Amino acid sequence: MFTTQQYVVASSLDEAYALNQKPRATVLGGCGWLKMGRRAIGTAIDLSALGLDRIEEFDDRFELGAMVTLRQIETSEALAAAFGPCLRESVRHIVGVQFRNCATIGGSIWGRFGFSDPLTCLTALGASVRLHHAGLVPLSEFIRMDYDRDLLVAVVLPKAGQRAVYLTHRATQTDFPVLAAAVCRRADGTYCAAVGARPQRAALVEDTEGLLAGGVTDASARAFADFAADRLTFSSNLRGSAEFRRHLCRVLVRRAAIQLEEGQA
Amino acid sequence: MKISYTLNGRARTDEVDPARPLTEYLRAQGCLSVKRGCETSNCGLCTVLVDGRPVLSCTTLTARINGKSVLTLEGLEDRAAEIGGYLAAQGAEQCGFCSPGLIMNIIAMTDELTDPTEDEIREYLAGNLCRCTGYVSQLRAIRQYLADRKEAEQA
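Residues numbered from 1 in each chain as written. Chains lettered and ligands numbered in written order. Predicted model: local features only at pLDDT ≥ 70, side-chain atom pairs only at ≥ 80, totals over all residues. Heavy atoms only, no water.

Draft legend 1. Spotlight on the overall build of chain B. A count of helical and extended segments in chain B gives five helices and five strands. Shown N-terminal to C-terminal, the secondary structure of chain B runs as helices and strands in the order β-β-α-β-β-β-α-α-α-α. Here chain B has a C-alpha radius of gyration of 16 Å; the compact-globule value for 155 residues is 15 Å, and the two agree. With the principal axes as the frame, chain B shows a C-alpha extent of 45 × 35 × 25 Å. Taken over 155 residues, chain B has a buried fraction of 49%. (Helix = DSSP H or I, 4+ residues; strand = E, 2+ residues; numbered from the N terminus. Rg over C-alpha atoms; globule rule 2.2 N^0.38 Å. Buried < 20%, exposed > 50% of the residue type's maximum accessible area, 1.4 Å probe, protein only.)

Printed below as a string of structure tokens:
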């Protein structure tokens, strides 16, 4: 468990941002990961009084406030109507309902954890993060950024007609994924795949060769899956070897593309 | 930090250590049904309801209950005893250590889901671990409890 010297329930984003410039300050999300360590926090910054616990729908986008829980995402009818079951699928295997009522999307995305399910799915869907200082940053860029002292305010999900299928392989129910994959078809007919738990952070692979441009068939899905698997790096850890993960990438990306074509998105 | 909240129906105001895990705080208030079974937010034993939603009290900081309503097993004794009876009737309790958290989450599931399928029950309760059993007897008990509730509602 972490320790804190000072606990501040921030009354504004500006106050939270200013407090977070102190070197030993930490912004609190749901604390599911933070509590696992023994960090000595100088100032703990609590965002729960800032109204960031809402999923807001606009004409062109959804905004998921940083304090929205994974369970809210899982049960949101508006998100399911816009994007199908992929977002629900990306969180429903995470520990249990009680954990998902605690864990926040801000904490999950800010952490940029390699094992993160929602990071993988949201990257495929073309989401961005709204940072208090840096503004809107595409998730595909944010993933590669180093940790800094900025403040994640919201995840912004464009409503652009994109659809995705999200699949994982897990050694056992509720465990971290051995590999996570999402394939997304955009309204203009282009495709991309995000692959996470490699076990590094999710990475985006665009179908730059147009392998799926002529339609998704078993052969074209296989070609795109091989394309993704050959371009990404994989590593070994206790959940699986690099070779197994590369194999899983070929299987899950192919299946996700086919399921997308079959309308399961 | 000063917080105001409701514990098992009674309004309270207290000066608290804001970053203290809610499990320890609630135990200090006499709610000894709330226990730690793990240190990794995985076992579900510490489940309490905050504004009706099941949360892990080991992961929830005490500051976060400010302005909210907290229910523990101590505040749900009748429902807990009823569910406990179904578990006992099916021989689902062995050491019994995990039962308070499981019962809290069964109550949450019953309040949130209407007529859940077996898959939905398994998914809702996946965050409650039991290391004595294989969950078969618990599932029998839960199915019987839900079936009897449904029958009573329709009667």
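Back to the text.
Draft legend 2. View of the environment of A:Ala193. All names here are of chain A. Assignment of secondary structure puts alanine 193 in strand 11 (residues 191-196). Distance from alanine 193 to isoleucine 109, taken between C-alpha atoms, is 18 Å for residues 84 residues apart in sequence. Residues contacting alanine 193, with those up to four places away along its chain left out, are Ala182, Val183, Ala203, Leu204, Val205, Phe224 and Val253. (Contact = heavy atoms within 4.5 Å.)

Draft legend 3. Broad picture of the pairing of strand 3 (residues 40-46) of chain A. Residue and element names in this part refer to chain A. When you tally the buried positions in strand 3, you get six out of seven residues, the bulk of the element. Pairing analysis gives six bridges linking strand 1 (residues 3-9) to strand 3, with the strands arranged parallel. Looking at strand 3, one finds that valine 8 is bridged to isoleucine 45. Judged from the three bridges that link them, strand 2 (residues 26-28) and strand 3 form a sheet pairing that is parallel. Pairing of leucine 28 across the sheet is with aspartate 46, part of strand 3. (Pairing = 2+ DSSP bridges.)

Draft legend 4. Region of interest: the domain arrangement of chain B. All names here are of chain B. When cut into domains, chain B gives domain 1 (2-74) and domain 2 (76-154). The centre of domain 1, based on its C-alpha atoms, is set 21 Å off from the matching centre of domain 2. For the pairing of domain 1 and domain 2, the buried interface totals around 1300 Å² over both sides, and the portion due to carbon and sulfur atoms is 66%. Here domain 1 is connected to domain 2 by zero salt bridges. Remark: the boundary between domain 1 and domain 2 carries seven residue pairs in polar contact (both at pLDDT 80 or more). (Domains from an automatic or database assignment. Buried area = accessible area lost by both parts, 1.4 Å probe. Salt bridge = Lys/Arg side-chain N within 4 Å of Asp/Glu carboxyl O. Polar contact = N/O pair within 3.5 Å; in protein donor to acceptor, adjacent residues only side chain to side chain.)

Draft legend 5. The domain arrangement of chain A, seen in detail. All names here are of chain A. Under the domain assignment used here, chain A contains domain 1 (3-46), domain 2 (55-158) and domain 3 (163-261). When each unit is reduced to the centre of its C-alpha atoms, the spacing between domain 1 and domain 2 is 20 Å. Across the contact, 15 residues belong to domain 1 and 13 residues belong to domain 2. Counting the surface lost from both domain 1 and domain 2, the interface buries some 1200 Å², and carbon and sulfur atoms represent 64% of this. Among the residues domain 1 hides against domain 2, the three largest losses belong to Leu13, Tyr17 and Trp33. Together they make up 44% of the total. Here domain 1 and domain 2 share zero salt bridges between them. Our count for the contact surface shared by domain 1 and domain 2 stands at seven residue pairs in polar contact (both at pLDDT 80 or more).

Draft legend 6. The confidence of the model for chain B, seen in detail. Per-residue confidence for chain B averages 96 on the pLDDT scale, and 100% of its residues sit at or above 70. Interface predicted TM-score (ipTM) for the complex: 0.97; the corresponding pTM is 0.97. (pLDDT = per-residue confidence, 0-100.)

Draft legend 7. Structural context of the nonpolar core. Residue and element names in this part refer to chain A. Core analysis: the largest hydrophobic core is formed by 71 residues, its most contacted members being Leu87 and Ile109. When sequence neighbours within four positions are dropped, the list of residues in contact with leucine 87 reads Ile73, Leu79, Cys121, Leu122, Leu125 and Leu157. The next biggest cluster of nonpolar side chains, apart from the first, holds 31 residues, and it includes Leu212, Leu232, Phe234 and Leu252. (Core = buried A, V, L, I, M, F, W, Y, C linked by side-chain atoms within 4.5 Å.)

Draft legend 8. Summary view of the environment of A:Leu204. All names here are of chain A. Tracing the sequence through the fold places leucine 204 in strand 12 (residues 203-206). Assessed through its relative accessible area of 30%, leucine 204 is described here as partly exposed. Linking leucine 204 and valine 183, residues 21 residues apart in sequence, is a C-alpha distance of 9.7 Å. With sequence-adjacent residues up to four places away left out, leucine 204 is seen in contact with Thr123, Ala124, Ser140, Cys192, Ala193 and Ala194.

Draft legend 9. Just unusual backbone geometry, in detail. Residues and elements named next belong to chain A. The linkage connecting arginine 198 with the following residue, proline 199, adopts the cis geometry, with an omega of 10°. With respect to the helices and strands, proline 199 occurs in the loop between strand 11 and strand 12. The backbone phi angle of cysteine 31 is positive, close to 75°, even though this residue is not glycine. Mapped onto the elements of the fold, cysteine 31 is located in the loop between strand 2 and strand 3. For cysteine 31, a relative accessible area of 5% corresponds to the buried category. Although it is not a glycine, alanine 197 adopts a positive phi angle of roughly 60°.

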